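Listed here are the chains, written in short residue letters.
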Amino acid sequence: MERVLDEPVLVRRRNAGRSVGAAFAVMVALLAAAPFVVYPVFLMKALCFALFACAFNLLIGYVGLLSFGHALFFGWASYLTAYAAKAWALPPELAIIVGTATAAVLGIVAGGLAIRRQGIYFAMITLALAQMMYFFALRAKFTGGEDGIQGVPRGRLFGFFDLADKTTMYVFVLVVVLAGFLLIYRIINSPFGEVLKAIRENEQRTISLGYKTERYKLFAFVLSATLSGLAGSLNALVFQLASLTDVHWTMSGDVMLMTLIGGLGTVFGPVVGAFLVVAMQNYLASFGQWVLVIQGAVFVACVLVFRRGIVGEIAAALRVRL
Amino acid sequence: MFEIFGIPSQALFGQLLLGLINGSFYALLSLGLAVIFGMLNVINFTHGAQYMMGAFAAYLLLQHAGIGYWPALVIAPLLIGATGVVIERLFLRRLRKLDPLYGLMLTFGLALVIEGLFRNVYGSSGLPYQVPESLEGGRNLGFMFLPNYRAWVIVLSLAVCLATWYGIERTRLGSYLRAATENPVLVRAFGINVPRMVTLTYGFGVALAALAGVMAAPIYNVSPQMGSDLIIVVFAVVVIGGMGSIMGAIVTGFALGVVEGLTKVFFPEASNTVIFVIMAIVLLVRPAGLFGRTG
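Rules used in this analysis
- Every residue gets a number counted from 1 within its own chain, in the order that chain's sequence is written.
- Numbering of ligands from 1 and lettering of chains from A proceed in the order in which they are written.
- The predicted nature of this model means local features are confined to residues of pLDDT at least 70 and side-chain atom pairs, given and counted, to a pLDDT of 80 or more, with totals for whole chains, interfaces and linings taken over all residues.
- The basis for the side-chain values is all heavy atoms of the structure; hydrogens and waters are excluded.
- Segments assigned H or I by DSSP are reported as helices when at least four residues long, segments assigned E as strands when at least two residues long, and all are numbered from the N terminus.
- Taken over C-alpha atoms, the radius of gyration is set against a globule rule of 2.2 Å times the number of residues to the power 0.38.
- Burial status follows relative accessibility: with a 1.4 Å probe on protein chains alone, a residue under 20% of its type maximum counts as buried, one over 50% as exposed, and anything between as partly exposed.
- Contact definition: two residues touch when any of their heavy atoms are within 4.5 Å.
- Each accessible area is a Shrake-Rupley result for a 1.4 Å probe, and residues are judged covered by the shown protein chains and nothing else.
- In this count, Lys and Arg are taken as positive residues and Asp and Glu as negative ones, while His and the chain termini are left out.
- A single reference atom marks each charge: NZ on Lys, CZ on Arg, CG on Asp, CD on Glu.
- Buriedness of a pocket was judged along seven lines, with at least five required to meet protein on both sides within 12 Å; pockets are open sets of points on a 1 Å grid over the protein atoms alone, cavities are sets where a 1.4 Å probe fits but cannot get out, and lining residues have an atom within 4 Å of a point.
- Grid points are joined across faces, edges and corners, and a volume is the space filled by probe spheres set on the points.
- Only residues whose relative accessible area exceeds 30% and that form no salt bridge enter a patch; like-charged residues are grouped when within 9 Å of one another, and nonpolar side chains (Val, Leu, Ile, Met, Phe, Trp, Tyr) when within 5 Å.
- Salt bridges are defined as contacts in which a side-chain nitrogen from Lys or Arg sits within 4 Å of a carboxyl oxygen from Asp or Glu.
- Among buried residues, the Ala, Val, Leu, Ile, Met, Phe, Trp, Tyr and Cys ones that are joined through side-chain atoms within 4.5 Å form a nonpolar core.
- Simply put, the buried area is the total loss of 1.4 Å probe accessible area from both parts when two parts are fitted together.
- Each residue gets one of three labels, nonpolar for Ala, Val, Leu, Ile, Met, Phe, Trp, Tyr, Cys and Pro, charged for Asp, Glu, Lys and Arg, and polar for the others, Gly among them.
- For helices, the fitted axis covers only the stretch in contact; all axes are lines through C-alpha atoms, and the angles between them, taken along N-to-C directions, range from 0 to 180 degrees.
- Throughout, the term roughly parallel applies to angles under 35 degrees, roughly antiparallel to angles over 145, roughly perpendicular to angles from 65 to 115, and oblique to all others.
- Two helices cross in a left-handed way if the nearer one is turned anticlockwise from the farther one by less than a right angle. They cross in a right-handed way if the turn is clockwise.
- Take the residue count of a helix, subtract one, and multiply by 1.5 Å to get its expected span.
- When the centres of two rings from Phe, Tyr and Trp lie within 6.5 Å, Trp using its six-membered ring, the rings pair. Their planes under 30 degrees apart give stacked, over 60 give edge-to-face, and anything left gives tilted.
- We call a charge positioned over a ring when the NZ of a Lys or the CZ of an Arg lies within 6 Å of the ring centre and within 35 degrees of the ring normal.

Novice: Break down the overall build of chain B for me, with residues and values.
Specialist: Summing up its helical and strand segments, chain B has 11 helices and 4 strands in all. For a compact globule of 295 residues, the expected C-alpha radius of gyration is about 19 Å, and chain B comes in at 19 Å, within 12% of that figure. When its C-alpha atoms are laid out on the principal axes, chain B stretches across 65 × 50 × 35 Å. The buried share among the 295 residues of chain B stands at 56%. Considering only residue pairs separated by 6 or more positions, chain B has 77% of its internal contacts joining residues 24 or more positions apart. For chain B, the accessible surface area stands at approximately 12,100 Å², while carbon and sulfur atoms represent 66% of it. For chain B, the distance from the average site of its 16 positive side-chain charges to the average site of its 11 negative ones is 16 Å.

Pasting the structure below:
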């Protein structure tokens, strides 16, 4: 099958690490300074989605698998974290672990089913499975149906840091998201990541080299699901809410759009895309249904004329890897 | 009135009928998806939106031009099919050489645009569309009451499905189509205009969706979001059936509609999810799908 990334970016290998390092420093500096200028809850939301989009990008950008059901992991992790924090009164770190572990288990089940088919079928299967779990969330007692789980306490991190404080919460979210970001960067540059890229380029040939590609694909899927779950868990604590919006297919569409705008298969693209889309949804919220129209139009435009995405275009212009 | 497995016959056959109706729509929509996929190698996410546009076309024709159900049954698919032709020429044609995933993303974006536009104008609540006078009422079959319009929907959908199957599998034009699916370059060398065939195939698949929309208008209300949830179920139907076979799409569509209807009788909580569960089981047992040839 053809690759998702049709135009490979020429890279001078020895510069690769340096450009990523410099960009990472800029990103951290911007994110550290941002809460003095921008509303922190907006930033925290964007950060959660940045992690979500990076996790999604791990699959589409580096394995070439388009999951259309990532809301499943984001949303269910968010429900379980909210429930654990509220009903079981678990401290935030344990509530997040409960949510993230749920996403990992769901990732094993959904991934195990979906990798049995390739390409376009993979996308349809993940979408259908996510829709099934949406109906479960709608029906299940503990999710609160249409109301969701509201008033989730943020609690004290390790019994010490009070997350009700905005600054503490922001620092916590920033640290977790950056850790997730670095983990993903480490994964894609590990020997394991190289095999994933080989599968993306030519799965048949990778099989002929003796790699059990199904296992690699499944493991990548579970990693992606788990990190999406981590993002969802954080999101539930930020907004102190878990709701049906988080498991709906529109959420899967949102994360796809973020990654596409930023640049599929780029390290920083999903972060840029997440901030853009969250900002767009924030500022256009008063226009009602036009948000849907604009998002759809951006989708179409990206696919037709802008397939490298913002970061992909910048990287191509500077001939570096970002 | 009598009972089967402790369920009154009225309820059982009523749900069975409802299942057949849903199955008619699953069959028409998955047939359109399969035809388009065969030729363009694109999964048409816009299909649900196009089904919705068909229903709206019927509604608007009646409201603004006084054109009733019967002419709308022909005009709406032609109109919406024409918009499909435009979409293929403007957008999908540019993606031919790319990964099919881009086609999915593009048609998803288009679906968002269309649904958003209709929601802006018509809101989210359903608009009523009357059953045509000649099909009002129904007949009592002894074990159940059969509304005429619903019987008509099942018959028409079956007829259209079988006609499409015949057209593709048994006619000369259909053989060109199948040949072009296998090897477009060779078919072009025989002097057949393959790009035009691709365009018309997309238009035809879209017209099938629009026809389903017109048929659905008197049964469900006409609303902007009527297509988006349905299309996900149809995707599951397509995964279960496999897109390799036209007849497979038709049979799977009707069969799953019936299964869903029966689930509503015996285990109503699961009626929303039963098709997805079946999909998961089929993936475990027969990953290529019931009628699929290759993965």
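Novice: I'd love a proper account of the layout of surface pockets, names of residues and values included.
Specialist: To find the voids left in a structure, one rolls a probe of water-molecule size over its atoms. One number sums up the size of the second largest pocket: a volume of about 810 Å³. Thr245, His248, Thr250, Met251 and Asp254 of chain A are, among the 31 residues lining the second largest pocket, the residues nearest its centre. Contributing elements (two or more residues each) for the lining of the second largest pocket: helix H2 (40–62), helix H5 (119–139), helix H9 (213–239), helix H10 (249–262) and helix H12 (290–305) of chain A together with helix H4 (100–122) and helix H9 (228–241) of chain B. Here the element with the most residues in the lining of the second largest pocket is H10 of chain A; it accounts for 5 residues.

Novice: Just give me the short version of empty space enclosed by the protein, but keep the residues and values in it.
Specialist: Scanning the entire structure with this criterion turns up 4 cavities of 30 Å³ or more. Volume-wise, the largest cavity comes out at about 80 Å³. Trp249 of chain A together with Phe45, Gly48, Ala49, Met52, Phe108, Ala111, Glu115, Pro224, Gly227, Ser228 and Ile231 of chain B together form the lining of the largest cavity. Counting only elements with at least two residues in the lining of the largest cavity, the list comes to helix H2 (47–65), H4 and H9 of chain B.

Novice: Describe unusual backbone geometry, listing the residues and the values that go with them.
Specialist: Residue and element names in this part refer to chain A. A positive phi is found at Ala89, a non-glycine position, where the angle reads about 55°. Residue placement: Ala89 occurs in the loop between helix H3 (71–86) and helix H4 (92–114). Its identity is not glycine, yet Arg319 carries a phi of approximately 55°, on the positive side. By secondary structure assignment, the location of Arg319 is in the segment after helix H13 (309–318).

Novice: Break down a nonpolar patch on the surface for me, with residues and values.
Specialist: Residues and elements named next belong to chain B. A contiguous nonpolar patch, built from Leu158, Leu162, Met247, Val251, Leu290 and Phe291 and spanning about 460 Å² of accessible area, is present on the exposed surface. Among the secondary structure elements, those contributing two or more residues to the nonpolar patch are helix H5 (148–170) and helix H10 (246–266). Secondary-structure assignment places Leu158 in helix H5. When its relative accessible area of 37% is taken as the criterion, Leu158 is described as partly exposed.

Novice: Please give an account of the pattern of salt bridges that cites residues and values.
Specialist: Tallied over the full model, the rule gives 6 salt bridges over all chains. Here Glu194 of chain A ties to Lys197 of chain A by a salt bridge, and the two come within 3.4 Å at their closest N and O atoms. Taken together, the positions of Glu194 of chain A and Lys197 of chain A, both in helix H7 (residues 191–201) and 3 residues apart, correspond to about one turn of that helix. In this structure, the salt-bridge partner of Arg119 of chain B is Glu115 of chain B, at a minimum N-O distance of 2.7 Å.

Novice: With reference to specific residues and values, describe the nonpolar core.
Specialist: Formed by 228 residues in total, the largest nonpolar core has its most connected members in Met105 and Met215 of chain B. Considering every element that reaches this core, the biggest residue donor is H2 of chain A, with 19 residues. Sequence-distant contacts of Met105 of chain B, that is, excluding residues within four places in its chain, are made with Ile60, Leu66, Met256, Leu260, Leu264, Phe299 and Val303 of chain A.

Novice: An account of the interface of chain B and chain A is needed here, citing residue identities and associated values.
Specialist: In this assembly, 48 residues from chain B lie in contact with 42 residues from chain A. Contact with chain A buries surface across chain B, with Leu101, Tyr102 and Met105 of chain B losing the most and accounting together for 15% of the total. Our count for the chain B to chain A interface comes out at 0 salt bridges. Counting only elements with at least two residues in the side of chain B that touches chain A, the list comes to H4, H9 and helix H11 (274–285) of chain B. Element by element, the count of residues in the side of chain B that touches chain A is highest for H4 of chain B, at 16 residues. Its residues assigned to classes, the side of chain B that touches chain A comprises 32 nonpolar, 9 polar and 7 charged.

Novice: Hey, could you go over the packing of helix H1 (residues 9–40) of chain B against H10 of chain B for me, with residue numbers and the actual values?
Specialist: All names here are of chain B. Following both chains from N to C, one finds H1 and H10 inclined at 150°, their axes separated by 6 Å at the closest point. Put simply, H1 runs roughly antiparallel to H10. Considering how the two elements wind past one another, H1 and H10 form a crossing that is right-handed.

Novice: Lay out H9 of chain A in plain terms, naming residues and giving numbers.
Specialist: What sets the pattern is the α-helix's 3.6 residues per turn: residues three or four places apart point alike. Residues and elements named next belong to chain A. Given a rise of 1.5 Å per residue, 27 residues ought to cover 39 Å, and the 39 Å separating the end C-alpha atoms of H9 matches this to within 8%. Counting buried residues along H9, 20 of its 27 residues qualify, which places the element largely inside the surrounding structure. The positive-phi residue at the C-terminal boundary of H9 is Gln240, with phi of around 55°.

Novice: A description of the packing of helix H3 (residues 69–90) of chain B against H5 of chain B should follow, citing residues and the corresponding values.
Specialist: Residue and element names in this part refer to chain B. At a minimum axis distance of 15 Å, the contact between H3 and H5 shows a crossing angle of 30°. One element, H3, and the other, H5, form an angle in the roughly parallel class. Two packed elements cross with a definite hand, and for H3 against H5 that hand is right-handed. Residues Tyr69, Trp70 and Leu73 of H3 pack against Tyr149, Trp152 and Leu156 of H5. Grouping the constituent residues of the contact of H3 with H5 by class yields 6 nonpolar, no polar and no charged.

Novice: Please give an account of the side chain of Asp254 of chain A that cites residues and values.
Specialist: Residue and element names in this part refer to chain A. On the secondary structure map, Asp254 appears in helix H10. Buried charge Asp254 goes without a salt bridge, the closest partner of opposite sign being Lys45 at 7.5 Å. Apart from residues no more than four positions distant in its own chain, Asp254 is found in contact with Gln281 and Gln295.

Novice: Tell me what's going on with the packing of aromatic side chains, and back it up with residues and numbers.
Specialist: A full pass over the atoms with the stated rule returns 33 aromatic pairs over all chains. Ring geometry for Tyr121 of chain A versus Phe37 of chain B: centroids 6.5 Å apart, planes at 70°, classification edge-to-face. Note that Tyr121 of chain A is positioned in helix H5 and Phe37 of chain B in helix H1, a pairing that runs across two chains. The two residues Tyr121 of chain A and Phe37 of chain B agree in class, both being buried. Ring centres 4.8 Å apart and planes at 40° place the aromatic pair Phe56 of chain B and Tyr122 of chain B in the tilted group. Separated by 66 residues along the polypeptide, Phe56 of chain B in helix H2 and Tyr122 of chain B in helix H4 bring together distant segments of the chain. One aromatic cluster in this structure is built from Phe68, Trp249 and Phe299 of chain A together with Phe45, Phe108 and Phe235 of chain B. Across from the ring centre of Tyr121 of chain A, 3.8 Å away, lies the NZ or CZ of Arg117 of chain A, which sits over that ring. A cation sits over an aromatic face here: Arg307 of chain A above Tyr102 of chain B, 5.7 Å from the ring centre.

Novice: Outline the side chain of Gln50 of chain B, supporting the account with residue identities and numerical values.
Specialist: Residues and elements named next belong to chain B. Relative to the elements of secondary structure, Gln50 occurs in helix H2. The exposure class of Gln50 is buried, given its relative accessible area of 1%. Beyond its immediate sequence surroundings of up to four residues, Gln50 is in contact with Asn44, Ile80, Ile87, Tyr202, Val206, Ala209 and Ala210.

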